[in-house]
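Residue-level structure breakdown
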Amino acid sequence: MRGSSILFASGDDGVGCNAQCSKFVANWPASSPYVTAVGGVTGGRNSGFSGDTIASGGFSSYYPMPDYQKAVVNSYLTSMGASGNLPHASYYNRSNRAVPDVAAYSENVLVIISGIVQPIGGTSCAAPIVSGLVSLLNDKLLNAGKKTLGFLNPLLYSTYQTQSNIFSPVTGGNNAQGCCPGFNANPNGGWCPISGMGVPNFVNLAGAIAKAFNI
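The structure displayed is predicted, hence computed values, not measured ones. (Residues numbered from 1 in each chain as written. Predicted model: local features only at pLDDT ≥ 70, side-chain atom pairs only at ≥ 80, totals over all residues. Heavy atoms only, no water.)

Next up on the list: the overall build of the chain. Helix and strand counts for the chain come out as four helices and 11 strands. Here the chain has a C-alpha radius of gyration of 17 Å; the compact-globule value for 215 residues is 17 Å, and the two agree. By residue count, 46% of the 215 residues in the chain fall in the buried class. The long-range fraction of contacts in the chain, counting pairs at least 24 apart against all pairs at least 6 apart in sequence, stands at 75%. Accessible surface computed for the chain: about 10,200 Å², of which carbon and sulfur atoms make up 54%. Each charge class in the chain can be summarised by its mean position, and for the 10 positive and 7 negative side chains these summaries are 13 Å apart. (Helix = DSSP H or I, 4+ residues; strand = E, 2+ residues; numbered from the N terminus. Rg over C-alpha atoms; globule rule 2.2 N^0.38 Å. Buried < 20%, exposed > 50% of the residue type's maximum accessible area, 1.4 Å probe, protein only. Contact = heavy atoms within 4.5 Å. Areas by Shrake-Rupley, 256 points an atom, 1.4 Å probe, with all protein chains shown as cover. Lys, Arg positive; Asp, Glu negative; His and termini not counted. Charge placed at Lys NZ, Arg CZ, Asp CG, Glu CD.)

See below:
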């Protein structure tokens, strides 16, 4: 309602296995339905993106699934369930808020510390990468005399359903953690509990946003 875009890293503990090895525990605040949760990937456009093993994702224990993501999440559950590639239903509540929404690199991200380039990792790298892209999109909107994007999720999910090329697909990976199995990425692409809808394709996303805002 305030017109703010709030992004959070999904976390670096995979499915978040509890001490009894009986439940997946999704991280908060990434599991809030009012933020955009960012998962992690490895690989690349030429070799294909794969979900990072450490990237947290799954289903909230508290928040019901928001309408904006029901179609893509239920598509994942139906597809992967039909092929027997889902963890047992007792580990999670498939009716609740699904995490993450999008993804970016979470391994071998280069930063400069005291003038020295160092590689670091984690979804805490992925979240500011996506935040930077959102800032560039907002810059385009402001220069055209438009308002900023604000709460991202309804726009991203609705646009993705008609223009899936705004995200590059993630077709491999699993986020098992400790004694718990993890979720698999859908080999056919689409939303998954490791990388969400995928990695933003900035050119396609910027084009879709420009069309939506008539610029």
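Additional details are given in the paragraphs that follow.
A word on the nonpolar core. The tendency in soluble globular proteins is for nonpolar side chains to be buried side by side. With 43 residues, the main nonpolar core has Phe-59, Val-73, Trp-191 and Met-197 as its most contacted residues. For this core, the elements supplying multiple residues, two or more each, are helix H1 (67–82), strand S6 (102–105), helix H2 (123–143), helix H3 (153–162) and helix H4 (202–212). Excluding residues that lie within four positions of it along the chain, Phe-59 makes contacts with Ala-26, Met-65, Val-73, Leu-77, Tyr-92, Asn-93, Arg-94, Asn-96, Arg-97, Ala-98, Phe-183 and Trp-191. Membership of the second largest hydrophobic core comes to five residues, among which are Val-41, Phe-49, Val-170 and Val-199. (Core = buried A, V, L, I, M, F, W, Y, C linked by side-chain atoms within 4.5 Å.)

Taken together, the side chains of Leu-110, Ile-112 and Val-117 make up a nonpolar region of the molecular surface, amounting to roughly 330 Å² of accessible area. With respect to the element layout, Ile-112 can be found in strand S7 (residues 109–113). What makes Ile-112 exposed here is its relative accessible area of 64%. (Patch = residues over 30% accessible without salt bridge, like charges linked within 9 Å, V, L, I, M, F, W, Y side chains within 5 Å. Salt bridge = Lys/Arg side-chain N within 4 Å of Asp/Glu carboxyl O.)

Below, the discussion takes up H4. Leu-205, Ala-206, Ala-208, Ile-209 and Ala-210 are the residues of H4 that are buried. Those residues of H4 that are buried are in contact with H2, H3 and strand S11 (199–200).

Packed helices, taken two at a time, are described by their axes: the angle between them and the distance between them. Interaxial distance between H2 and H4 falls to 11 Å at its minimum, and their mutual angle equals 35°. H4 is crossed by H2, and the crossing has right-handed handedness. Mapping the contact onto sequence places Leu-133, Leu-136, Leu-137, Lys-140 and Leu-141 in H2 and Phe-202, Leu-205, Ala-206 and Ile-209 in H4. Here the contact of H2 with H4 is built from residues that sort into eight nonpolar, no polar and one charged. (Axes fitted to C-alpha atoms, helices over the stretch in contact; angles between N-to-C directions. Left-handed = near helix turned anticlockwise from the far one by under 90°. Nonpolar A, V, L, I, M, F, W, Y, C, P; charged D, E, K, R; others polar.)

Okay, the state of the cysteines next. When the sulfur atoms of two cysteines share a covalent bond, that bond is a disulfide. Summed over the entire model, instances satisfying the criterion amount to two disulfides. Note that Cys-17 is cross-linked by a disulfide to Cys-180, the S-S spacing being 2.0 Å. Measuring the twist about the S-S bond at about 60°, one finds the Cys-17-Cys-180 disulfide to be right-handed. Here the residue Cys-17 occupies a position in the loop between strand S1 (7–9) and strand S2 (36–44), and Cys-180 occupies one in the loop between strand S10 (170–172) and S11, the gap between them amounting to 163 residues. Here Cys-21 is linked by a disulfide to Cys-179, with a sulfur-sulfur distance of 1.8 Å. Because the sign of the S-S torsion sets the handedness, a value of about -90° for the bond joining Cys-21 and Cys-179 places this disulfide among the left-handed ones. Here the residue Cys-21 occupies a position in the loop between S1 and S2, and Cys-179 occupies one in the loop between S10 and S11, the gap between them amounting to 158 residues. (Disulfide = S-S within 2.5 Å.)

Okay, the packing of aromatic side chains next. Evaluated as defined, the whole model comprises 12 aromatic pairs. Here Phe-59 and Tyr-92 contribute two aromatic rings whose centre-to-centre distance is 5.3 Å and whose plane-to-plane angle is 20°, an arrangement assigned as stacked. Placement of the pair is Phe-59 in strand S4 (residues 58–64) and Tyr-92 in the loop between H1 and strand S5 (96–99), with a sequence separation of 33 residues. Classification of Phe-59 as buried rests on a relative accessible area of 2%. According to the relative accessible area criterion, Tyr-92 is buried, its value standing at 10%. A centroid spacing of 5.5 Å and a plane angle of 80° characterise the contact between Tyr-76 and Trp-191, whose relative ring orientation is edge-to-face. You can see Tyr-76 sitting in helix H1 and its partner Trp-191 sitting in the loop between S10 and S11, a full 115 residues away along the chain. Trp-191 matches Tyr-76 in its accessibility class, with the two residues each being buried. Each residue in the set Phe-24, Phe-59, Tyr-76, Tyr-91, Tyr-92, Phe-183 and Trp-191 is aromatic and connected to the rest through ring pairs, giving one cluster. (Phe/Tyr/Trp six-rings, centres within 6.5 Å; stacked < 30°, edge-to-face > 60°.)

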